[in-house]
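Below are the chains, spelled out letter by letter.
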Amino acid sequence: GESVGLHLPTLSVQEGDNSIINCAYSNSASDYFIWYKQESGKGPQFIIDIRSNMNKRQGQRVTVLLNKTVKHLSLQIAATQPGDSAVYFCAENMVGSNYKLTFGKGTLLTVNP
Amino acid sequence: GAVVSQHPSRVICKSGTSVKIECRSLDFQATTMFWYRQFPKKSLMLMATSNEGSKATYEQGVEKDKFLINHASLTLSTLTVTSAHPEDSSFYICSGRERTSGDEQFFGPGTRLTVL
């Protein structure tokens, strides 16, 4: 579980810069990973996913990198815009878990105009 | 496509009362639905998994008699918080998974519960 009083990691960038958000996942048996964006008071919004047989996947302005050796996932956002400001969560799914997702702690991204 | 709705979007209730939250899949058949709880500035924590027509499977530490889950149809699941207390105040989020959609889950917009 999370430590009491632990603040949400934050990343502050200038509009137009590239953003990199990192996530350390917990289970080496996980085979499916997803990045979600969550705006205040809303549900998670799917951004991009990747399976464990890949190490990179690109979408529109976003790239996900997976390093299974160190159990690390990253989300790169190109040309960050003010509308990208939100909390970003990584989530992992383990084979045989009945499709249950385990969410990471989240990172608050703030884009300054 | 793949839209999930929740009702109500926010609810305020008195301590000791019960509150029902609905989760509907609008354009797909959700063979599996998941319920999450999220406290302020925290991550989503899975509470339970329900398959249509079956009893829900609860995560460790989640009281099944307090959080009643019903998944009677392929498009509707309900979460009832019984005898709610202030510590149950949270953001409750559901998601649905279609049998043919693989691992992907589609999330609802969440329900803000405040217990006075």
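Before reading further, recall that the structure is shown in the block above.
What counts and how
Residues numbered from 1 in each chain as written. Chains lettered and ligands numbered in written order. Predicted model: local features only at pLDDT ≥ 70, side-chain atom pairs only at ≥ 80, totals over all residues. Heavy atoms only, no water. Pairing = 2+ DSSP bridges. Helix = DSSP H or I, 4+ residues; strand = E, 2+ residues; numbered from the N terminus. Core = buried A, V, L, I, M, F, W, Y, C linked by side-chain atoms within 4.5 Å. Buried < 20%, exposed > 50% of the residue type's maximum accessible area, 1.4 Å probe, protein only. Contact = heavy atoms within 4.5 Å. Salt bridge = Lys/Arg side-chain N within 4 Å of Asp/Glu carboxyl O.

*Asks:* When you look at the pairing of strand 4 (residues 45–51) of chain A in this model, what are you seeing that I'm missing?
*Replies:* Consecutive residues of a regular strand have side chains that alternate between opposite faces of the sheet. All names here are of chain A. Pairing analysis gives six bridges linking strand 3 (residues 30–38) to strand 4, with the strands arranged antiparallel. Across the sheet, Y36 pairs through a bridge with F46, a residue of strand 4. Linking strand 3 back to strand 4 in an antiparallel pair, the connection comprises six residues, with G41 at a positive phi of about 75°.

*Asks:* Hey, could you run me through the nonpolar core in this one?
*Replies:* The nonpolar side chains of a soluble globular protein tend to be buried with one another. B:W35, B:F67, B:L79, B:Y92 and B:L113 are the most contacted members of the largest nonpolar core, which totals 24 residues. For this core, the secondary-structure elements that each account for two or more residues are strand 2 (10–13), strand 3 (19–25), strand 4 (32–38), strand 5 (44–51), strand 7 (67–73), strand 8 (76–81), strand 9 (90–97) and strand 11 (111–115) of chain B. Tallying contributions element by element places strand 3 of chain B first for this core, with three residues. A:W35, A:I50, A:L73 and A:A86 belong to the second-largest nonpolar core, a separate cluster that totals 19 residues.

*Asks:* What exactly am I supposed to notice about the environment of B:F39 here?
*Replies:* Residues and elements named next belong to chain B. Tracing the backbone through its elements, the reader meets F39 in the loop between strand 4 and strand 5. It is 5.3 Å that separates the C-alpha atoms of F39 and S90, two residues lying 51 residues apart in sequence. Residues in contact with F39, not counting those within four places in the same chain, are E87, S89 and S90.

*Asks:* Sorry, what's going on with the pattern of salt bridges here?
*Replies:* Note that side chains of opposite charge can pair when their charged atoms are close. Going through the model one piece at a time under the given rule, you end up with six salt bridges over all chains. The salt bridge involving A:K100 is made with B:E59; its shortest N-O contact spans 2.9 Å. With A:K100 in the loop between strand 8 (86–94) and strand 9 (101–103) and B:E59 in the loop between strand 6 (57–58) and strand 7, this residue pair bridges two chains. A relative accessible area of 22% places B:E59 in the partly exposed class. For B:D88, the salt bridge goes to B:K66, with nearest N and O atoms at 2.9 Å. With a gap of 22 residues between them, B:D88 in the loop between strand 8 and strand 9 and B:K66 in the loop between strand 6 and strand 7 connect regions that are remote in the sequence. As far as burial versus exposure is concerned, B:D88 and B:K66 are alike and both buried.

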